[in-house]
Amino acid sequence: MATLFIADLHLSLHEPAITAGFLRFLRHEAVHADALYILGDLFDAWIGDDDPQPLHATVAAEVYKLHQRGVPCYFVHGNRDFLLGKRFADESAMTLLPTETVLDLYGQKILILHGDTLCTDDHAYQKFRRRVHNPFIQRLFLRLPLSLRVKIANKMRAASQQANQQKTQQIMDVNPEKVRERLRHHQVNTLIHGHTHRPAIHQIDLDGAHARRAVLGAWHQAGSMIKVTPQNIELIAFPF
Ligand SMILES: O=C(CCCCNC(=O)Nc1ccc(S(=O)(=O)N2CCN(c3cc(Cl)cc(C(F)(F)F)c3)CC2)cc1)NO
Ligand SMILES: [Mn+2]
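Per-chain numbering applies: the sequence of each chain, read as written, is numbered from 1 onward. In the order they appear in the text, chains get letters beginning with A and ligands get numbers beginning with 1. At least 70 in pLDDT is required for a residue's local features to be given in this predicted model, at least 80 for side-chain atom pairs to be given and counted, and no such filter applies to totals for whole chains, interfaces and linings, which use all residues. The side-chain figures draw on all heavy atoms in the structure; neither hydrogens nor water molecules are used.

Student: I keep staring at the coordination of the manganese ion (ligand 2) and nothing clicks. Help me out?
Tutor: A four-donor tetrahedral metal ideally has 109.5 degree angles, and a six-donor octahedral metal ideally has angles of 90 or 180 degrees. Think of the donor list as every N, O and S atom within 2.8 Å of the metal, or within 3.2 Å for Na, K and Ca; water never makes the list, so a site can look incomplete. For the manganese ion (ligand 2), the full set of protein donor atoms is D41 (OD), N79 (OD1), H114 (NE2) and H195 (ND1), at a range of 2.1 to 2.3 Å. Note on exposure labels: buried denotes an accessible area under 20% of the residue type's maximum, exposed denotes more than 50%, and partly exposed covers the range between, all computed with a 1.4 Å probe on protein chains only. Accessibility expressed as a relative area gives 17% for H195, which makes it buried.

So, in structure tokens, the structure goes:
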């Protein structure tokens, strides 16, 4: 009896070892779980479900096999793959979840989200996020020829990397008050997210009560998952 959470694999054609690790994880670990939640940035970029990259079809087919084995898979958008849509979700039999969801797992309420919305000190990013989450802008972008979307994406990824180098570590982490505000809003004492690539389970004092924030690691040299069972919540790093 376990529910698994992963995030920030940043799958791309340039990192075949991570893709191979993910497929092994699906076949040997996720297949035995009650459910798998992917909390965003599964892909390093996403410019539309019509992008014919072979990687997408490979991943969709492998995730679909979970569904055939009776393991539900849920997806929360990250700041990279926020355009992943219904077509890919159907191909992979993933259920798309909103930005924030409160789960009731084995009797414990848990708030799940990607984590970028917690980084409220990163004003430049929040401004970027508001713009690209505008439905009108999204419809416009997705109507552009794929070749133009590729060009824009390459420019934006480079600009992102550039911008991140200028940012302090502090502003790129979650804002502690925002974390507490979200826990209060949903009336939960446990939160699981990714995005910051700083894996840890933090104990939080929430108005005198005990709360915790569990952060998933990115998949670079190893895999990272959070395993929730009726007894506890574990952060596990594993070789892929
Ligand atoms: O940790 C931190 C740092 C976080 C860093 C955040 N930066 C970050 O995520 N950047 C980023 C994310 C996705 C990509 S992309 O390549 O996948 N792709 C680019 C083009 N996309 C687009 C969509 C729309 Cl609707 C509209 C446009 C428009 F209008 F601009 F053309 C473009 C779709 C997505 C490229 C870069 N902060 O706390
Ligand atoms: Mn992210």
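Student: Help me understand the sheet that holds strand β2 (residues 35-38), please; the structure alone is not making it clear to me.
Tutor: Each strand in a sheet pairs with another by means of backbone hydrogen bonds, the pair being arranged parallel or else antiparallel. Should DSSP find at least two bridges between two strands, the strands are taken to pair. Each helix corresponds to a stretch of at least 4 residues labelled H or I by DSSP, and each strand to a stretch of at least 2 residues labelled E; elements are numbered beginning at the N terminus. Ordered by their spatial adjacency, six strands build an open sheet running β4-β3-β2-β1-β10-β11, and the pairing between neighbours is mixed. The sheet terminates laterally at β4 (94-97) and β11 (233-238), the two strands that pair on one side only. Here the strands of the sheet are splayed against their neighbours by 25 degrees on average, with no regard to which way each runs. By the bridge criterion, four bridges tie strand β3 (residues 73-76) to β4 in an arrangement that is parallel. Paired with C73 across the bridge in β4 is M94. The convention used is that axes are lines fitted to C-alpha atoms, helices contributing only their stretch in contact, and that angles between N-to-C directions extend from 0 to 180 degrees.

Student: Help me understand the site of ligand 1, please; the structure alone is not making it clear to me.
Tutor: A45, W46, N79, D122 and S160 are the nearest of the 22 residues found near ligand 1. At a separation of 3.3 Å, an oxygen atom of ligand 1 approaches a polar backbone atom of R80. Nitrogen and oxygen atoms within 3.5 Å of one another constitute a polar contact, given that in protein one can donate a hydrogen and the other can accept it, and given that sequence-neighbouring residues count only through two side-chain atoms. The side chain of R157 places a nitrogen or oxygen atom 3.4 Å from an oxygen atom of ligand 1. Protein burial of ligand 1: of its 810 Å² of free accessible surface, 90% is covered by the chains. Tallying contributions element by element places helix α6 (residues 146-166) first for the shell around ligand 1, with six residues. The classification used treats Ala, Val, Leu, Ile, Met, Phe, Trp, Tyr, Cys and Pro as nonpolar, Asp, Glu, Lys and Arg as charged, and all other residues, Gly among them, as polar. For the shell around ligand 1, the residue count by class is 14 nonpolar, five polar and three charged. Nearness of a residue to a molecule or strand requires only that one of the residue's heavy atoms be within 4 Å of it. Per-residue and other accessible areas follow the Shrake-Rupley method at a 1.4 Å probe size, with only the shown protein chains counted as cover for residues.

Student: For this particular structure, what's the right way to read the pairing of β2?
Tutor: Along a regular strand, successive side chains alternate from one face of the sheet to the other. Here β2 shows a buried face lined by A35 and Y37 and a second buried face lined by L36 and I38. Taken together, the four bridges between strand β1 (residues 3-6) and β2 define a ladder with parallel strand orientation. By the bridge assignment, I6 is partnered in β2 with I38. Handedness is read with the strands pointing away from the viewer; a crossover is right-handed when the path from the first strand over the helix to the second is clockwise. One crossover worth recording links β1 to the parallel β2 by way of helix α1 (residues 16-28), and it is right-handed. Both β2 and β3 contribute to a ladder of three bridges, which runs parallel. Note on β3: the bridge partner recorded for I38 is F75.

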